[in-house]
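# Examination of the molecular architecture
Residues per chain are reported as follows:
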Amino acid sequence: MQSHQLEYNESDFYFESYEYTCGYRGFTYLASQLEENKKLPDAVVCASDNIAVGVLEAAGKMGYRIPEDFCVTGFDNFDKAAFYTPKITTVGHIREDIGYLCADLLIRIWEGRPVEKYNYTESQYVYWDSCGCTNDTNVDRSEHAREQILYEIETTDFEEQVLGLEYALLNCQSIQEMSACIPACIPAFKCDAIYLVLDDHINDFHRNLNYFNQNLIDDKKFHTKGYPKAMSVEFAYDMKEGTSYEQQTIDSLFPMFDSPGQGGTDFLFMPLHFRQYTIGYFVIRNAVYLLEKQYLFKVMNVFTSAMRNLYEKEKLGYMNKILADMNVKDAMTGLYNRLGFQELVCSLFDEKKRSGENLLILFVDMDRLKYINDNFGHDYGDISIRIIASTIMEYCGKNDIPVRNGGDEFIIVHENMTPASYEEMISNMRSAVTQKARQHQLPFELTFSVGAVCTDMRSDQTLDDYIRIADETMYEEKTQKKANRA
């Protein structure tokens, strides 16, 4: 406007989107400005035919006549320009030419070659009624109506498939389950192949539910620029080769581009983001149908929203699990505390009592903790306790319950363990403790004593009775060690 010596006022402009609502609300805003100065514009120039339709609808409801009161022009030369009443003067152009020119400019900039400040593609003025012009071109309204009916049927079918996909995705409990939903919508995509490639951090909460890691909670683990060096192909579909759910790691952006015989093939690359964080991308081979029908945004929005919801749900579950563990876990060792003992061991004992299945209960006590504290300091005592606890954790199965009973005392409750496997496990634990003590360069020998008892659920003995028996058995071993040292 400055270059044409026109006065600039912020109120002369309205911007929102390229859709119908922009034109409707934009003209409504313009009309509110007109009430103050009582002057109609000569023309309302719109950035798309969709906006122009919105302007015409809003103007018509306010009693204005087009083009008698003012002119309206659109842009893009969509069907609505020729079939709306009044027909909308517009500009025709080939959108693919714009994409080609943009890619060419990018390549030239990338290579350091100069580019013009302004670049144009060919366009054509299409004059219709909305600017008071005439056009000798005849339009076939009956054929247009037929095409619209078929388009609505096709669109309805596609939207039903997308709604079904959205419902299925919302009920998925993992990314792998989501991947299994993709084939159901592939016929609607009408493409040759689909690949879903994700940052492997997307699976962190699902994979590490039983292990607390503060870094997992921070979304900064995802990239804000570029992609990680290694990513995971979560889903792959090829029309000729079929579907593959087998997860594989790739160390380049998309090695499928390098496949032989891919000349003349179109790959549509679509990044996936959670706000500013990059989580991965979709690649669709020969997706011309999705682009022509403009379905792609809706499909991608469904996938991204579903993945985001699942990620947030898993994150919330992970944090709730950590909060729950804080009540039943010992902060120093990570083993269950006495509250955890009451909630887990007592309920397990009652369950096995009803089913008649026996348990193996171990009572573990670290040797000479007072001697270590008095002669080497409490820091060495804490290190020793952690070594024993970590070793217990390593040798416990997923159904076993390890408990720090207090101080240097530990209780381990095992299911389905035979005396032979128990002896082997204790022997391996002793060796592991000795090795860890050497690694920490402890200036003393680190050992522990163990007592074991196998329950007999047919008897009247309680859990406390068995704990006491295991404790007494452990004490016998400890007493024998003291005698040997003396």
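As the structure is a computational prediction, the values presented were derived from the model and not from experiment.

The next subject is the overall build of the chain. For the chain, the helix and strand inventory stands at 15 helices and 14 strands. Each principal axis of the C-alpha distribution contributes one length, and for the chain these read about 115 × 50 × 50 Å. Within the chain, buried positions represent 40% of all 486 residues. Within the chain, contacts between residues at least 6 apart in sequence are counted, and of these 67% link residues at least 24 apart. Approximately 28,900 Å² of the chain is accessible, and the part contributed by carbon and sulfur atoms is 52%. Separation between the mean location of the 47 positive side-chain charges and that of the 75 negative ones in the chain comes to 6 Å.

Every other side chain in a regular strand lies on the same face of the sheet, so the side chains alternate between the two faces. Here strand 13 (residues 409-415) lies mainly inside the structure; 5 of its 7 residues are buried. Both strand 11 (residues 359-366) and strand 13 contribute to a ladder of 7 bridges, which runs antiparallel. Residue F363 lies in a different strand from strand 13, and its bridge partner there is I411. Across 5 bridges, the pairing between strand 12 (residues 401-406) and strand 13 is antiparallel. By the bridge assignment for strand 13, G406 is matched with E409. Between strand 12 and strand 13, which follow one another and run antiparallel, lie 2 residues, and G407 among them has a positive phi close to 60°.

The grouping of M1, L6, Y8 and F13 at the surface amounts to a nonpolar patch, some 410 Å² of accessible area in total. As for its position among the elements, Y8 is in the segment before helix 1 (20-37).

Here the focus is the packing of aromatic side chains. Taken as a whole and judged by the stated rule, the model has 18 aromatic pairs. Linked through ring pairs, F205, F222, F274, Y311 and Y318 together constitute an aromatic cluster. A cation sits over an aromatic face here: K329 above Y336, 5.0 Å from the ring centre. The ring of F448 has R430 sitting right over it, with the charged end atom 4.9 Å from the ring centre.

Here we come to the packing of helix 5 (residues 141-170) against helix 6 (residues 175-189). Packed helix pairs are specified by the crossing angle of their axes together with the interaxial distance, meaning the distance between the axes. Two elements in contact, helix 5 and helix 6, have axes whose closest approach is 10 Å; the angle formed by their N-to-C orientations is 180°. Here helix 5 is positioned roughly antiparallel relative to helix 6, judged by the angle of their axes. Packed against helix 5, whose contacting residues are F158, Q161, L165, A168 and L169, the element helix 6 presents M178, C181, A184, C185, A188 and F189 at the interface. Classifying every residue of the contact of helix 5 with helix 6 gives 10 nonpolar, 1 polar and no charged.

Looking now at the side chain of K478. With respect to the element layout, K478 can be found in helix 15 (residues 463-485). In this structure the side chain of K478 is engaged in a polar contact, spanning 2.8 Å, whose partner is the side chain of D367.

Before going further, it helps to examine unusual backbone geometry. Along the chain, I66 connects to P67 via a cis peptide bond; the corresponding omega equals 10°. Relative to the elements of secondary structure, P67 occurs in the loop between helix 2 (49-61) and strand 2 (71-73). If you check the backbone angles, R275 has positive phi at about 55° while not being a glycine. With respect to the element layout, R275 can be found in the loop between strand 9 (267-274) and strand 10 (277-285). On the basis of relative accessible area, R275 is assigned to the exposed category, the value being 54%. Notably, Q441 is not glycine yet its phi reads approximately 55°, a positive angle. Tracing the chain through its elements places Q441 in the loop between helix 14 (419-439) and strand 14 (448-454).

Looking at the secondary structure, you find K117 in the loop between helix 4 (95-110) and strand 4 (123-126). A relative accessible area of 72% means that K117 is categorised as exposed. Sequence separation between K117 and D69 is 48 residues; the distance between their C-alpha atoms is 37 Å.

For the rest of this paragraph, the subject is the confidence of the model for the chain. For the chain, the mean per-residue pLDDT works out to 86, and 94% of the residues sit at or above 70. Looking at the elements of the chain, mean pLDDT is at its lowest for strand 7 (residues 242-244), recorded as 68, and at its highest for strand 2, recorded as 96.

Turning our attention to the pairing of strand 11. Burial analysis of strand 11 places 8 of its 8 residues in the buried class, the great majority of the element. Burial along strand 11 is two-sided: the residues L359, I361, F363 and D365 and L360, L362, V364 and M366 are all buried. Of the strand pairs in this sheet, strand 11 and strand 14 are connected by 7 bridges, and their pairing is antiparallel. Along strand 14, the bridge assignment pairs V364 with V450.

Let's shift gears to the environment of K313. Following the sequence through the fold, K313 ends up in helix 10 (residues 296-328). Measuring from C-alpha to C-alpha, the distance between K313 and E424 comes to 42 Å, with 111 residues separating the pair along the chain. Not counting the four nearest positions on each side in its chain, K313 is found in contact with C172 and Q173.

What follows is about the side chain of N373. Turning to its location among the elements, N373 is positioned in helix 12 (residues 369-376). Judged by its relative accessible area of 16%, N373 is buried. Not counting chain neighbours up to four residues away, the residues in contact with N373 comprise H378 and G381.

Time to look at the nonpolar core. By size, the foremost hydrophobic cluster in this structure holds 47 residues, and its most contacted members are I182, F189, I194, F282, F303 and M307. Per element, the largest residue contribution to this core is 11 residues, and it comes from helix 10. When neighbours within four sequence positions are excluded, F282 is seen to be in contact with I182, I194, Y195, L196, L268, F269, M270, L272, M300, F303 and M307. Within the second largest apolar cluster, 26 residues are counted, among which are I372, I392, I426 and V450.

About the thresholds
- Residues numbered from 1 in each chain as written.
- Predicted model: local features only at pLDDT ≥ 70, side-chain atom pairs only at ≥ 80, totals over all residues.
- Heavy atoms only, no water.
- Helix = DSSP H or I, 4+ residues; strand = E, 2+ residues; numbered from the N terminus.
- Buried < 20%, exposed > 50% of the residue type's maximum accessible area, 1.4 Å probe, protein only.
- Contact = heavy atoms within 4.5 Å.
- Areas by Shrake-Rupley, 256 points an atom, 1.4 Å probe, with all protein chains shown as cover.
- Lys, Arg positive; Asp, Glu negative; His and termini not counted.
- Charge placed at Lys NZ, Arg CZ, Asp CG, Glu CD.
- Pairing = 2+ DSSP bridges.
- Patch = residues over 30% accessible without salt bridge, like charges linked within 9 Å, V, L, I, M, F, W, Y side chains within 5 Å.
- Salt bridge = Lys/Arg side-chain N within 4 Å of Asp/Glu carboxyl O.
- Phe/Tyr/Trp six-rings, centres within 6.5 Å; stacked < 30°, edge-to-face > 60°.
- Lys NZ or Arg CZ within 6 Å of the ring centre and 35° of its normal.
- Axes fitted to C-alpha atoms, helices over the stretch in contact; angles between N-to-C directions.
- Parallel < 35°, antiparallel > 145°, perpendicular 65-115°, else oblique.
- Nonpolar A, V, L, I, M, F, W, Y, C, P; charged D, E, K, R; others polar.
- Polar contact = N/O pair within 3.5 Å; in protein donor to acceptor, adjacent residues only side chain to side chain.
- pLDDT = per-residue confidence, 0-100.
- Core = buried A, V, L, I, M, F, W, Y, C linked by side-chain atoms within 4.5 Å.

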